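# Geometric and topological summary
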Protein chains: 2
Amino acid sequence: MAKEIYLDNHSNAKIDERVLAEMMPYLKENYGNAQSMHALGERAKEALEKARQQAGNMIGAGVNEICFTSCASEANNLAVKGTAEAFKHKGRHIVVSGIEHFSVLYAAKRLGMMGFEITYLPVDKHGLVSPDDVKKAIKAETILVSVQHANPEIGAIQPIKEIAKAVHERNVLFHTDATCTAGIVPVNVEDLGADLLTFSSTQFYGPKGAAALYIKKGIRLAPLIDGGIQEGGKRAGTENIPAIAGFGKACEIAKTEMETNARRTILLRDRLLDQLPKKIEYLYLTGHPSQRLPNNVSFMVEFVEGEGMFLLLDQKGIYVTSGSACASKALKMSHVLTAINADPAIGQGSILMTLSKYNTGDEIDYILAEFPPIVKKLREMSPLYSYFLKTGRRKAAGPGTDYDHEHEHEHEEVL
Amino acid sequence: MAKEIYLDNHSNAKIDERVLAEMMPYLKENYGNAQSMHALGERAKEALEKARQQAGNMIGAGVNEICFTSCASEANNLAVKGTAEAFKHKGRHIVVSGIEHFSVLYAAKRLGMMGFEITYLPVDKHGLVSPDDVKKAIKAETILVSVQHANPEIGAIQPIKEIAKAVHERNVLFHTDATCTAGIVPVNVEDLGADLLTFSSTQFYGPKGAAALYIKKGIRLAPLIDGGIQEGGKRAGTENIPAIAGFGKACEIAKTEMETNARRTILLRDRLLDQLPKKIEYLYLTGHPSQRLPNNVSFMVEFVEGEGMFLLLDQKGIYVTSGSACASKALKMSHVLTAINADPAIGQGSILMTLSKYNTGDEIDYILAEFPPIVKKLREMSPLYSYFLKTGRRKAAGPGTDYDHEHEHEHEEVL
């Protein structure tokens with residue numbers, strides 16, 4: 001097989017072999033349903049409760065505070081919609097940050113269509129929410145504030161403790177989507193002050209098919225999936241025991257190894273964050289310089305499109321994400337880059353690299369050698385770049401540079 | 001390991017080795033996210049679309065009509081709540097049978113709490129819904145009728161074609177929960193006339209963690225899980241590729257092998273249905289004599305409790321379900337047995353055995369040898385049975401026997 005350098009661990013990381021080993025018996029001989037009372041059911045139930053303990057241990061929660069779901073999106077929907085349904089008699093106002101994952105944003109939007117009022121919090125140029133803005137947004141009718149622990153696209157880590165404090169001063173529930181942080185950096189629900197916390201193991205070497213919502217003792221949400229008595233009535237449906245067992249094992253491993261892994265990926269991350277802007281002109285790092293996920297390298301490259309970089313990197317076996325890969329041909333960029341006020345023209349050239357414990361220094365060398373020529377090649381084909389070389393002027397400019405407003409109207413003609 | 005005879009395939013059947021083989025690459029080297037555009041993402045996407053084709057093929061649906069979910073309960077919730085949310089402007093009345101799975105019943109109940117009107121259809125003593133009752137239940141405000149294809153507890157197969165016809169005459173959407181039938185008996189969405197159909201592979205040798213809702217082309221439901229663009233916007237969340245690949249493979253295998261499997265389990269089933277009432281006095285079969293799942297053996301045993309039979313069978317390594325195992329000590333029986341008007345005292349002694357292709361004739365011999373002495377032993381400890389032996393009178397009676405009304409009031413004193 002050709003070289004494959006996987007830098008898309010935000011989308012999914014490779015399962016740890018120890019995690020897979022934990023799952024296998026439940027894919028083979030221990031196939032019982034955890035609700036069955038015979039020996040095969042008991043074995044499934046034991047795996048379920050062991051995983052619940054492991055998951056709770058990692059985030060400092062009690063076993064009865066862990067509600068397993070099928071994925072983080074489901075957990076986020078349960079947090080937002082389940083709170084709305086359960087507490088709508090108290091009020092119909094919900095506050096979310098503008099850079100939440102779509103599963104929070106669109107869950108909130110759905111509620112908006114059902115008569116709830118939604119306030120979207122702004123972020124600064126580094127992607128941080130201000131606790132003061134949270135305070136200002138809360139009203140008498142507010143029942144929930146949801147702000148992610150860290151952003152998947154630009155890696156900015158929010159001041160969650162301060163935000164939670166501001167929320168609790170007003171006796172409102174606080175949810176945080178910790179999908180990017182749990183298992184990667186220490187996450188403790190009490191330290192953070194979370195009433196509800198979403199986490200998933202797909203980024204820390206667990207399987208697809210399992211995630212969890214921490215629901216603080218005493219909080220009763222309406223289930224998203226009604227039916228059987230699974231998960232204490234909070235989530236019906238046959239428990240996906242192999243995935244849940246894997247999730248638990250991944251939590252157990254992360255608890256002892258995340259620090260080592262983080263130190264390791266930070267070294268690799270910082271080489272990229274340091275070297276890329278030196279090797280590639282007009283490359284702008286996004287996110288916060290220090291309040292940043294240990295595995296996140298995100299930036300925008302001027303005069304080129306994310307899709308082009310993505311494709312040429314792909315040919316070299318370097319797998320990344322382009323924030324604009326799914327966008328239309330229009331000058332449309334992700335909601336996150338829009339929220340940090342990135343220039344739309346430069347936002348087109350956004351790239352996200354997320355590292356894992358499997359990445360090596362050699363891989364970073366390879367990227368640092370292969371990536372600059374790719375940008376050079378793409379710029380040679382870029383009318384925006386040739387215009388810049390000829391005139392010294394930009395069609396658009398990045399954060400911290402001067403925007404050439406005189407020529408803004410030429411944009412559409414050129415592209 | 002001691003003898004294990006697994007007759008709880010309704011709860012979950014053992015994964016077929018070919019299914020597991022199909023899943024393994026996605027648990028190991030092909031760990032990409034199907035939404036990623038690099039080679040690892042493409043491999044996941046291919047597995048997803050292959051499974052969609054396999055699932056569609058089995059039930060005669062187009063690929064774009066298959067919406068993957070994490071379990072049948074989620075698919076049922078999506079069908080019921082998704083229809084309600086999308087069509088509430090047309091009306092707020094929903095019709096379900098009284099013997100639906102809890103994931104339909106409680107989804108409907110939830111809607112009832114949100115201002116919808118729910119009509120529960122009765123069933124006859126065999127558990128069948130009458131198409132005439134369906135006709136009568138439909139009103140101008142009706143937006144959905146949901147009647148299961150077969151009942152998991154008593155195995156009765158509903159006259160779905162006639163019910164669907166009655167529903168469509170009134171231009172109402174029809175959902176059927178085919179969790180017990182798809183992959184076990186031929187299920188074709190056009191033949192049945194289903195607009196929405198839930199199916200899962202856990203009973204036909206697929207994995208936990210994947211199920212699907214067939215959504216007929218042109219029908220737009222509101223998603224249960226909002227967020228990303230997965231499943232054409234109908235179900236957000238990272239696709240559980242290993243489970244979905246396994247689900248697809250299970251569908252492919254079932255399409256060619258279900259007839260052989262059904263013939264085989266019918267032979268075993270019929271030996272039990274024939275011999276058990278001969279070997280055990282006062283044993284009453286439940287469900288329909290001919291309109292019955294090929295793998296379902298369900299009955300009630302008078303003068304004993306399901307829990308006692310369950311425990312002694314368990315000691316012999318025979319794993320079954322007792323419909324009353326989860327019930328309290330009160331004379332409470334399942335909603336299904338209540339709906340077929342079973343006597344509460346006899347309903348306490350309900351047992352469900354569901355067969356799979358792995359069961360053998362020798363296992364049936366073993367059950368037929370071991371079960372009657374278990375019942376005998378339990379009856380020797382039963383005050384109801386000793387009362388019956390002494391007086392020739394019952395405290396309560398089964399279907400088809402005369403109820404001793406004079407002594408009804410003694411019930412509570414005795415128990």
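Going by the structure above, here's the rest.
We now turn to the structure provided with this report. (Residues numbered from 1 in each chain as written. Chains lettered and ligands numbered in written order. Predicted model: local features only at pLDDT ≥ 70, side-chain atom pairs only at ≥ 80, totals over all residues. Heavy atoms only, no water.)

## Here we look at the overall build of chain A
Note the following rule: Each helix is a run of H or I in the DSSP string that is no shorter than four residues. Each strand is a run of E no shorter than two, and both are numbered from the N terminus. The reference for a compact globule is 2.2 Å times residues^0.38; the radius of gyration itself is calculated from the C-alpha atoms. Residues count as neighbours in contact if any of their non-hydrogen atoms are within 4.5 Å of one another. Under the counting rule used here, the positive set is Lys and Arg, the negative set is Asp and Glu, and His together with the chain ends is not counted. Where a charge sits is defined by one atom per residue type, namely NZ (Lys), CZ (Arg), CG (Asp) or CD (Glu).
On a plain count of helices and strands, chain A comes out with 14 helices and twelve strands. Taken over the C-alpha trace, chain A has a radius of gyration of 23 Å; the compact-globule value for 415 residues is 22 Å, and the two agree within 12%. A fraction of 72% describes how many contacts in chain A between residues 6 or more apart in sequence connect residues 24 or more apart. Between the mean site of the 47 positive side-chain charges and the mean site of the 51 negative ones, chain A shows a separation of 2 Å.

## Brief notes about the nonpolar core
To be explicit about the condition: Only buried residues count toward a nonpolar core. Its members are Ala, Val, Leu, Ile, Met, Phe, Trp, Tyr and Cys residues joined through side-chain atoms within 4.5 Å. Burial status follows relative accessibility: with a 1.4 Å probe on protein chains alone, a residue under 20% of its type maximum counts as buried, one over 50% as exposed, and anything between as partly exposed.
In terms of nonpolar packing, the biggest core is built from 144 residues, with Ile59(A), Leu197(A), Phe199(A), Ile59(B), Leu197(B) and Phe199(B) touching the most fellow members. The residues contacting Ile59(A), other than those within four sequence positions of it, are Ile66(A), Val187(A), Asn188(A), Val189(A), Leu197(A), Phe199(A) and Tyr214(A). Counting 54 residues, the second largest nonpolar core, distinct from the first, contains Ala79(A), Val80(A), Ile94(A) and Ala79(B).

## Some remarks on the sheet that holds strand β6 (residues 173–177) of chain A
All names here are of chain A. Quick note on the threshold: Pairs of strands are assigned from DSSP output, requiring at least two bridges between the strands. Helix axes use the C-alpha atoms of the stretch in contact, all axes being lines fitted to C-alpha atoms, and the angles between their N-to-C directions lie in the range 0 to 180 degrees.
The seven strands are arranged β2-β8-β7-β6-β5-β3-β4 in an open sheet whose pairing can be described as mixed. In the strand order of this sheet, the two ends are held by β2 (66–69) and β4 (117–121), each with one partner. The average undirected angle you get between the axes of adjacent strands in this sheet is 20°. Taken together, the four bridges between β2 and strand β8 (residues 211–215) define a ladder with antiparallel strand orientation. Bridging from a neighbouring strand, threonine 69 pairs with alanine 211 of β8.

## Here's the deal with the interface of chain A and chain B
The criterion, for reference: Buried area is understood as the total, over both parts, of accessible area removed when two parts are fitted together, assessed with a 1.4 Å probe. The salt bridge criterion pairs a side-chain nitrogen of Lys or Arg with a carboxyl oxygen of Asp or Glu, the two atoms within 4 Å. Under the rule applied, a polar contact is a pair of N or O atoms within 3.5 Å (in protein, one hydrogen donor and one hydrogen acceptor; residues adjacent in sequence only if both atoms are side-chain atoms). For this scheme, ten residues count as nonpolar: Ala, Val, Leu, Ile, Met, Phe, Trp, Tyr, Cys and Pro. Four count as charged, namely Asp, Glu, Lys and Arg, and the remainder, Gly too, count as polar.
In this complex, chain A contributes 58 residues to the contact, which on the side of chain B involves 58 residues. Interface area for chain A against chain B, summed over the two sides, is near 4800 Å², with a carbon-plus-sulfur share of 61%. Three residues stand out in chain A for area buried against chain B, namely Tyr31(A), Lys208(A) and Asp226(A), and they jointly supply 15% of the buried area on that side. A salt bridge links Asp226(A) to Lys81(B); the shortest N-O distance between them is 2.6 Å. At the surface where chain A touches chain B, the tally comes to 26 residue pairs in polar contact (both at pLDDT 80 or more). Mapped onto the side of chain A that touches chain B, the elements with two or more residues apiece are α1 (17–27), α2 (39–59), α3 (72–87), α4 (102–113), α8 (241–279) and α9 (306–315) of chain A. A breakdown of the residues in the side of chain A that touches chain B according to their chemical character gives 27 nonpolar, 16 polar and 15 charged.

## Focus on helix α2 (residues 39–59) of chain B
Test applied: Residue count minus one, scaled by 1.5 Å, sets the expected span of a helix.
When the terminal C-alpha atoms of α2(B) are compared, their 31 Å separation across 21 residues agrees well with the 30 Å that a helix rising 1.5 Å per residue should span. A positive backbone phi angle near 70° is found at Gly60(B), which sits one or two residues after α2(B).

## Focus: the sheet that holds strand β9 (residues 283–285) of chain A
All names here are of chain A. Taken in spatial order, the three strands line up as β9-β10-β12 in an open sheet, and their pairing is antiparallel. Pairing within the sheet leaves two strands with one partner each, and these edge strands are β9 and β12 (350–354). If you compare each strand with its neighbour and ignore which way they point, the axes differ by 25° on average. Where β9 meets strand β10 (residues 296–301), three bridges bridge the pair, whose relative direction is antiparallel. What sits directly across from leucine 283, in β10, is valine 301. Each of β9, β10 and β12 touches α8; the most contacted strand, β10, lies at about 15° to it.

## Describing the pairing of strand β4 (residues 117–121) of chain B
Residues and elements named next belong to chain B. Which entries qualify depends on this criterion: Note on handedness: a crossover is taken as right-handed if, strands pointing away from the viewer, the path from the first strand over the helix to the second is clockwise.
Pairing of strand β3 (residues 93–97) with β4, which is carried by five bridges, proceeds in the parallel orientation. Across the sheet, the residue bridging to isoleucine 94 is isoleucine 118, located in β4. With helix α4 (residues 102–113) bridging β3 and its parallel neighbour β4, the resulting β-α-β unit is right-handed.

## Details of the packing of aromatic side chains
Each aromatic ring pair is specified by the distance between its two centres and by the angle formed by the two planes. Residue and element names in this part refer to chain A. Rules: Stacked, edge-to-face and tilted are the three classes for Phe, Tyr and Trp ring pairs, Trp counted by its six-membered ring, which pair at centre distances within 6.5 Å; planes under 30 degrees apart are stacked, over 60 edge-to-face, the rest tilted. Charge-over-ring placement is defined geometrically: NZ (Lys) or CZ (Arg) within 6 Å of the ring centre, and within 35 degrees of the ring normal.
Using the criterion set out here, one finds 22 aromatic pairs over all chains in the structure. Taken together, a centroid distance of 5.3 Å and an interplanar angle of 75° make the contact between tyrosine 205 and tyrosine 358 edge-to-face. In this pair, tyrosine 205 is assigned in the loop between β7 (196–200) and β8 and tyrosine 358 in the loop between β12 and α12 (361–380), connecting sequence segments 153 residues apart. The buried category is assigned to tyrosine 205, whose relative accessible area is 7%. Connected via pairs of aromatic rings, a cluster forms that spans Tyr282, Phe303, Tyr385 and Phe388. The positively charged end of arginine 92 is found above the aromatic ring belonging to phenylalanine 116, 5.2 Å away from the centroid. In this arrangement the basic side chain of lysine 357 is found over the ring face of tyrosine 205, its NZ or CZ atom lying 4.4 Å from the centre.

## Topic: the pairing of β12(A)
All names here are of chain A. For β12, the buried fraction is high: five of the five residues fall into the buried class. With burial as the criterion, each face of β12 is covered, one bearing Ser350, Leu352 and Thr354 and the other bearing Ile351 and Met353. Pairing analysis gives five bridges linking β10 to β12, with the strands arranged antiparallel. Residue asparagine 296 lies in a different strand from β12, and its bridge partner there is threonine 354.

## Some remarks on unusual backbone geometry
Not every positive phi belongs to a glycine, and Asn341(A) is a case in point at roughly 70°. Checked against the element boundaries, Asn341(A) lands in the loop between α10 (335–339) and α11 (344–347). Accessibility expressed as a relative area gives 68% for Asn341(A), which makes it exposed. Despite not being glycine, Asn171(B) has its phi angle at roughly 55°, a positive value. Within the fold, Asn171(B) resides in the loop between α6 (160–168) and β6 (173–177). Here Asn171(B) falls in the exposed class, since its relative accessible area comes to 74%.

## Some details on the relation of the copies chain A and chain B
To be explicit about the condition: The fit set for superposing copies consists of C-alpha atoms from residues with pLDDT of at least 70 in both; the fit itself is least squares.
Aligned on chain B, chain A shows an RMSD of 0.0 Å; the corresponding rotation is 180° and the shift along the axis is 0.0 Å. The two molecules are tied by a two-fold rotation axis, judged by turn and shift. When the interface residues of chain A are mapped onto chain B, 100% of them are again interface residues, pointing to one common binding face.

## Considerations on the packing of α1(A) against α8(A)
Residue and element names in this part refer to chain A. Quick note on the threshold: For classification, angles of less than 35 degrees are called roughly parallel, those exceeding 145 degrees roughly antiparallel, those between 65 and 115 degrees roughly perpendicular, and all remaining angles oblique. Each crossing gets its handedness from the near helix: less than a right angle anticlockwise from the far helix is left-handed, clockwise is right-handed.
In the contact formed by α1 and α8, the axes pass within 8 Å of each other and the chain directions differ by 160°. With respect to α8, the element α1 is oriented roughly antiparallel. With respect to the hand of their crossing, α1 and α8 are arranged in right-handed fashion. The segment α1 lies against α8, with Arg18, Val19, Glu22, Met23, Tyr26 and Leu27 engaging Ile241, Pro242, Ala243, Ala245, Gly246, Lys249, Ala250, Ile253 and Glu257. A per-class count over the contact of α1 with α8 returns ten nonpolar, one polar and four charged.

## Focus: α4(B)
Residue and element names in this part refer to chain B. The end-to-end C-alpha separation of α4 is 16 Å, in line with the 16 Å expected for twelve residues at 1.5 Å each. Among the residues of α4, Ser103, Val104, Leu105, Ala107, Ala108, Arg110 and Leu111 are the ones counted as buried. Against the buried residues of α4 lie α3 (72–87), β3, β4, β5 (142–146), β6 and α10 (335–339). Remark: glycine 115 follows α4 within two positions and exhibits a positive phi of approximately 100°.

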